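Examining the three-dimensional arrangement
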Amino acid sequence: MHIVNTVEALRALVNTWKAAGEHIAFVPTMGNLHAGHCQLVKAAKETADKVVVSIFVNPTQFGIGEDFESYPRTEAQDHEQLRAINTDVVFQPAVSEMYSPTAKTTVSVAGLSELYCGVSRIGHFDGVATVVCKLFNMVQPDIALFGLKDFQQLAVIRTMVNDLNMPIKIIGIETVREANGLAMSSRNGYLTSKQQQIAPLLYQTLCTAREEVIAGTNYTTVEQHALLTLQQAGFQPDYFRVCRSNDLAPAQIDDTELVLLVAAKLGKTRLIDNLCFSKHTA
Ligand code: PAF
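Now for a quick tour of the structure.

The rules behind each value
Residues numbered from 1 in each chain as written. Predicted model: local features only at pLDDT ≥ 70, side-chain atom pairs only at ≥ 80, totals over all residues. Heavy atoms only, no water. Near = heavy atom within 4 Å. Polar contact = N/O pair within 3.5 Å; in protein donor to acceptor, adjacent residues only side chain to side chain. Areas by Shrake-Rupley, 256 points an atom, 1.4 Å probe, with all protein chains shown as cover. Helix = DSSP H or I, 4+ residues; strand = E, 2+ residues; numbered from the N terminus. Nonpolar A, V, L, I, M, F, W, Y, C, P; charged D, E, K, R; others polar. Salt bridge = Lys/Arg side-chain N within 4 Å of Asp/Glu carboxyl O. Phe/Tyr/Trp six-rings, centres within 6.5 Å; stacked < 30°, edge-to-face > 60°. Buried < 20%, exposed > 50% of the residue type's maximum accessible area, 1.4 Å probe, protein only. Lys NZ or Arg CZ within 6 Å of the ring centre and 35° of its normal. Pairing = 2+ DSSP bridges. Axes fitted to C-alpha atoms, helices over the stretch in contact; angles between N-to-C directions. Core = buried A, V, L, I, M, F, W, Y, C linked by side-chain atoms within 4.5 Å. Contact = heavy atoms within 4.5 Å. Disulfide = S-S within 2.5 Å.

1. Here we look at the site of the ligand
Looking at the ligand, the residues that line it are Pro28, Thr29, Met30, Asn58, Gln61, Val131, Val132, Asp150 and Gln153. Separating an oxygen atom of the ligand from a side-chain N or O atom of Gln61 is a distance of 2.6 Å. For the ligand, the protein covers 89% of the area, taking 290 Å² as the surface of the free molecule. At the level of elements, β2 (24-29) and α6 (124-139) are the ones that each hand at least two residues to the shell around the ligand. Across the shell around the ligand, the residue classes tally to four nonpolar, four polar and one charged.

2. Side note on the pattern of salt bridges
Any two side chains of opposite charge can pair, so long as their charged atoms come close to each other. Using the criterion set out here, one finds 10 salt bridges in the structure. In this structure, Asp255 and Arg244 form a salt bridge, with 3.8 Å as the shortest nitrogen-oxygen distance. Linking Asp255 in the loop between β7 (236-244) and β8 (257-266) with Arg244 in strand β7, this pair joins segments that are 11 residues apart in sequence.

3. With respect to the packing of aromatic side chains
Centre distance and the angle of the planes are the two values used to describe a pair of aromatic rings. Under the definition given, this model contains six aromatic pairs. For the pair Phe62 and Tyr71, a centre-to-centre distance of 5.8 Å together with 75 degrees between the ring planes defines the contact as edge-to-face. Given the relative accessible area of 7%, Tyr71 is considered buried. Above the face of the Phe68 ring, Arg73 is positioned so that its terminal group lies 4.9 Å from the ring centre.

4. Re the sheet that holds strand β1 (residues 2-4)
In a beta sheet, neighbouring strands are held together by backbone hydrogen bonds and run either parallel or antiparallel to one another. On the basis of which strands lie adjacent, the open sheet formed by six strands has the order β1-β4-β3-β2-β5-β6 and parallel pairing. Taken across any chain shown, the strands that pair with only one partner, and hence form the sheet edges, are β1 and β6 (169-173). Between one strand and the next, the sheet's axes are offset by a mean angle of 25 degrees, whatever the strand orientation. Pairing of strand β3 (residues 50-55) with strand β4 (residues 89-91), which is carried by three bridges, proceeds in the parallel orientation.

5. Overview of the nonpolar core
Ranked by size, the top nonpolar core spans 49 residues in total, and within it Leu10, Val52, Phe91, Phe136, Met160 and Ile170 carry the most contacts. Sorting the residues of this core by element identifies α1 (7-19), β2, β4, α6, β5 (143-147), α7 (151-163), β7 and β8 as the ones contributing at least two each. Tallying contributions element by element places α6 first for this core, with 10 residues. Apart from the residues within four sequence positions on either side, Ile170 is in contact with Phe136, Ala144, Phe146, Leu154, Ile157, Arg158 and Val161. By size, the runner-up hydrophobic cluster in this structure holds 24 residues, among which are Leu191, Cys207, Leu260 and Leu266.

6. Things to note about the state of the cysteines
Among covalent bonds in proteins, the disulfide is the one between the sulfur atoms of two cysteines. Here the structure, examined in full by the defined rule, presents zero disulfides. Looking at Cys117, it has no disulfide partner, and the nearest cysteine sulfur is the one in Cys243, 11 Å off. With no disulfide of its own, Cys276 lies 10 Å from the sulfur of Cys243, the closest cysteine sulfur. Assessed through its relative accessible area of 41%, Cys276 is described here as partly exposed.

Functional significance is not addressed by these values, which are geometric in nature.
Written as structure tokens, this is what we have:
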């Protein structure tokens, strides 16, 4: 497994592979890898000849007072896990390699970036879109894989790729969950043992809401019920919304392809999750 820190070294490898006609899959991460990330890398391995994984804790997607400094950095364990699943290259640039101090360009997906998580995390999705755009230009992959857990992030990236005619196929991979239903996330490590017992309720609330939607309960009632359940369990909910899965607009009664989106804080830890389903096949 190659570990490279510069765009120049990365490009040298990628150019050799491209010259040999090999297809490249890319999995961007911020490190502190868990089974969800490994699932992305394994799926990447099945679809391409070479797999590049980036590890970069991107400062521009963290707001003031968020956890950029304390975000877990576990380089040695990450490398060990990536080696075990036959990753070809780990691209691990320094902040100075990624961002020139004179840079003037930001990539912003208007509208979508201001909804839901974008309301309380102002500028977050601009930070994500910009770094992912830069990483795509550095790696030049044929395919890129993202977890469906970050559903809004995936929608932002798909929109960017489409709007900017990037020749990259974007693949969303199913969320990996703990046995109790909690979606795997690097931020789960912040939870105290008491909070770990409460946290699975986030997914249970999504499942209950899906049943209510299918039973024909009106969406406002479903949302209010979910928010109340979370509050009573000790969460501070940010939002719980019934949305159309294709564009994340608030769902109307005739829409059939839906996603329930939720974000809630448990103590200082902000957790997100979602549940995608079709009213037709329900
Ligand atoms: O999902 C993440 O880990 C990050 O937002 C990403 C896509 C690697 C961009 O920094």
